[in-house]
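For reference, the chains in residue letters:
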Amino acid sequence: MKPDLFQAPDYYQIDDLLNEEHKLVRDASREWVKRDVSPIIEEYAQRAEFPTQIIGGLAEIGAFGPYIPEEYGGAGLDQISYGLIMQEIERGDSGVRSTASVQSSLVMYPIWKYGNEAQRNKYLPKLASGEWMGCFGLTEPNHGSNPGGMETKFKDMGDHYLLNGAKMWISNAPFAQVAVVWAKNEEGRIHGLIVERGMEGFSTPETHNKWSLRASSTGELIFDNVKVPKENLLPNKSGLGAPLGCLDSARYGIAWGAIGAAMDCYDTALRYSKERMQFGKPIGQFQLQQKKLAEMITEITKAQLLAWRLGVLRNEGKATSAQISMAKRNNVDMAIKIAREARQMLGGMGISGEYSIMRHSMNLESVITYEGTHDIHLLITGLDVTGLNAFK
């Protein structure tokens, strides 16, 4: 078990843009990752198992609903603090960040924003503490980038709703107590429903044989005539804009999280370049290796500034969905390219579980696809700048 020697790069002194609370939150998250995630994550990734024992630690560092008001059990932090927590967790592992991201932005966020007081008081404190874990049911077997085509439906049966359908590629599904599920009513309008484990006809089979996000628990949601109480309908927003609003929050967290993965790959490659000797000198002394490292730190710095500015806009309530798409697309693309370059710098050792790089690289292949694919986010930006819809 190798010690976690990570040192975060800050080439443009971006720490000067952060307040003391931001730094305290980030540093607490960083120390927790070093202590509780890094020593075990390679083993769990090799076993394709999520380390459930870290759930309490995620709750303690405020990773579950960081921006949810304290009255509901959240930490009441701002958007930059939320981003920094996601950055540090993904520095440890994208799958662990996915667990926290889903809990925060895709489960707690819609209950807080679209739910009523009874729902907030019932669910949010237990989700914030990690006593309950949640998942988000939007993607279906036949509908990924076109969520509006969903086939999951519910009928009004008088004293309850009857839910039928299926969702797939759902993080946290196998162990979640709560699922925020998006389905169409009889008129074809999309609504959010809170489905609880134990409801008859609701099952969550686990997805196996993944080469990516191996330390994350993924599954399906199956609804076979599930009776959902009427009080479990999220009342304050419907239509496709409701789940997309959740995805905005999650994509924002990913824009920060990907920086953490890139930082870890860069830091590993930088340290290795100073230690690995070839032709009588450290490989970091060769021009081609310096080119790789210089490009890595340049791209990380650009991504840090992009995420920080987006966080300021989010705090001010000014960030648009298109701006969030740009940051998610750019920063994940940046991270996956850095992972590939760093892997090459380590040569054969780059594929070994002794180092984190190959695990990050495999994980980022999922991150670049989920919550809006690389190409879809490009088209969102294209629509925003031209006003011309390429989706139709």
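Residues numbered from 1 in each chain as written. Predicted model: local features only at pLDDT ≥ 70, side-chain atom pairs only at ≥ 80, totals over all residues. Heavy atoms only, no water.

Draft legend 1. Representation of helix H9 (residues 357–367) within the structure. Restricting attention to buried positions, one finds in H9 the residues Ile357, Arg359, His360, Ser361, Asn363, Leu364 and Val367. As for H9, its buried residues are in contact with helix H1 (20–47), helix H3 (79–92), helix H4 (94–114), helix H6 (241–275) and helix H8 (321–345). (Buried < 20%, exposed > 50% of the residue type's maximum accessible area, 1.4 Å probe, protein only. Helix = DSSP H or I, 4+ residues; strand = E, 2+ residues; numbered from the N terminus. Contact = heavy atoms within 4.5 Å.)

Draft legend 2. Spatial organisation of the domain arrangement of the chain. Assigned domains within the chain: domain 1 (14–129), domain 2 (134–238) and domain 3 (241–386). With centres defined by C-alpha atoms, the gap from domain 1 to domain 3 works out at 20 Å. Tallying the contact residues gives 30 residues for domain 1 and 36 residues for domain 3. With both chains or domains summed, domain 1 and domain 3 bury close to 2500 Å², and 59% of this area falls on carbon and sulfur atoms. At the surface where domain 1 touches domain 3, the tally comes to three salt bridges. For Arg359, the salt bridge goes to Glu42, with nearest N and O atoms at 2.9 Å. Summed over the shared surface of domain 1 and domain 3, the result is 16 residue pairs in polar contact (both at pLDDT 80 or more). Broken down by secondary-structure element, the contributors of at least two residues to the side of domain 1 that touches domain 3 are H1, H3 and H4. Of the residues belonging to the side of domain 1 that touches domain 3, the class tally is 14 nonpolar, ten polar and six charged. (Domains from an automatic or database assignment. Buried area = accessible area lost by both parts, 1.4 Å probe. Salt bridge = Lys/Arg side-chain N within 4 Å of Asp/Glu carboxyl O. Polar contact = N/O pair within 3.5 Å; in protein donor to acceptor, adjacent residues only side chain to side chain. Nonpolar A, V, L, I, M, F, W, Y, C, P; charged D, E, K, R; others polar.)

Draft legend 3. Spatial organisation of a nonpolar patch on the surface. The grouping of Tyr11, Tyr12, Leu17 and Leu305 at the surface amounts to a nonpolar patch, some 450 Å² of accessible area in total. Inspection of the secondary structure assignment puts Leu17 in the segment before H1. (Patch = residues over 30% accessible without salt bridge, like charges linked within 9 Å, V, L, I, M, F, W, Y side chains within 5 Å. Areas by Shrake-Rupley, 256 points an atom, 1.4 Å probe, with all protein chains shown as cover.)

Draft legend 4. Up close: the pattern of salt bridges. Overall, the coordinates contain 22 salt bridges when judged by the stated rule. The residue Glu365 makes a salt bridge to Arg340 at a minimum N-O spacing of 2.6 Å. Highlighted residues: Glu365 in helix H9 and Arg340 in helix H8, separated in sequence by 25 residues. With a relative accessible area of 40%, Arg340 lands in the partly exposed category. Residues participating in the shared-partner salt-bridge network are Asp4, Arg91 and Asp264.

Draft legend 5. Quick look at the pairing of strand S3 (residues 160–171). Across four bridges, the pairing between strand S2 (residues 153–156) and S3 is antiparallel. Across the sheet, the residue bridging to Phe154 is Leu163, located in S3. Hairpin connection, S2 to S3: the antiparallel pair is bridged by three residues, and Gly158 has positive phi, about 100°. Strand direction decides the pairing type here: S3 and strand S7 (residues 218–229), joined by nine bridges, are antiparallel. Bridge pairing in S7 places Leu162 opposite Lys227. (Pairing = 2+ DSSP bridges.)

Draft legend 6. Structural view of the UniProt feature "domain: Acyl-CoA dehydrogenase/oxidase N-terminal" (unreviewed entry) in the chain. UniProt marks residues 19–131 with the feature "domain: Acyl-CoA dehydrogenase/oxidase N-terminal" (unreviewed entry), using the numbering shown here. Between the C-alpha atoms that bound residues 19–131 there is a distance of 31 Å. The span itself is 73% helix and 0% strand. (UniProt positions renumbered as here; feature names shortened; annotations may be inferred.)

Draft legend 7. Structural detail: the side chain of Glu371. Note that Glu371 resides in the loop between H9 and helix H10 (374–386). Aside from chain neighbours lying at most four places away, what touches Glu371 is Leu106, Leu247, Ala250, Arg251, Ile254, Lys328 and His377.

Draft legend 8. Spatial organisation of the layout of surface pockets. When its volume is computed, the largest pocket comes out at roughly 1100 Å³. If you trace the largest pocket, you find 42 residues lining it, with Thr139, Thr369, Tyr370, Glu371 and Gly372 closest to the centre. Looking at the lining of the largest pocket, the elements with two or more residues in it are H4, strand S1 (134–137), S3, H6, H8 and H10. Taken together, the residues that form the lining of the largest pocket break down as 18 nonpolar, 18 polar and six charged. Estimates place the volume of the second largest pocket at around 550 Å³. Those elements that provide at least two residues to the lining of the second largest pocket are H1, H3 and H6. For the lining of the second largest pocket, the element with the most residues is H6, which contributes six residues. Looking at the lining of the second largest pocket residue by residue, the classes come out as eight nonpolar, five polar and eleven charged. Formed jointly, the lining of the second largest pocket draws a minimum of three residues from each of two domains, domain 1 (14–129) and domain 3 (241–386). (1 Å grid on protein atoms, 1.4 Å probe; cavity = no way out; pocket = protein on both sides within 12 Å on 5 of 7 lines; lining within 4 Å. Points joined across faces, edges and corners; volume = space filled by probe spheres on them.)

Draft legend 9. Layout of the packing of H1 against H3. The contact between H1 and H3 brings their axes to 8 Å, and the two run at 20°. Judged on the interaxial angle alone, H3 and H1 are roughly parallel. Regarding H1 and H3, the two cross each other, and that crossing is right-handed. Here H1 contributes Glu21, His22, Val25, Arg26, Ser29, Arg30, Val33, Lys34, Val37, Ser38 and Ile41 to the contact with H3, which in turn contributes Ile80, Ser81, Leu84, Ile85, Gln87, Glu88, Ile89, Arg91 and Gly92. The residue inventory of the contact of H1 with H3, partitioned by class, reads eight nonpolar, six polar and six charged. (Axes fitted to C-alpha atoms, helices over the stretch in contact; angles between N-to-C directions. Parallel < 35°, antiparallel > 145°, perpendicular 65-115°, else oblique. Left-handed = near helix turned anticlockwise from the far one by under 90°.)

Draft legend 10. Fine view of the packing of aromatic side chains. Under the defined criterion, the tally for this structure stands at 15 aromatic pairs. Their ring planes at 80° and their centres at 5.0 Å tell us that Tyr67 and Tyr82 sit as a pair that is edge-to-face. Taken together, the residues Tyr67 in the loop between helix H2 (55–60) and H3 and Tyr82 in helix H3 connect sequence positions 15 residues apart. Comparing Tyr67 with Tyr82, the two get one shared label, buried. (Phe/Tyr/Trp six-rings, centres within 6.5 Å; stacked < 30°, edge-to-face > 60°.)

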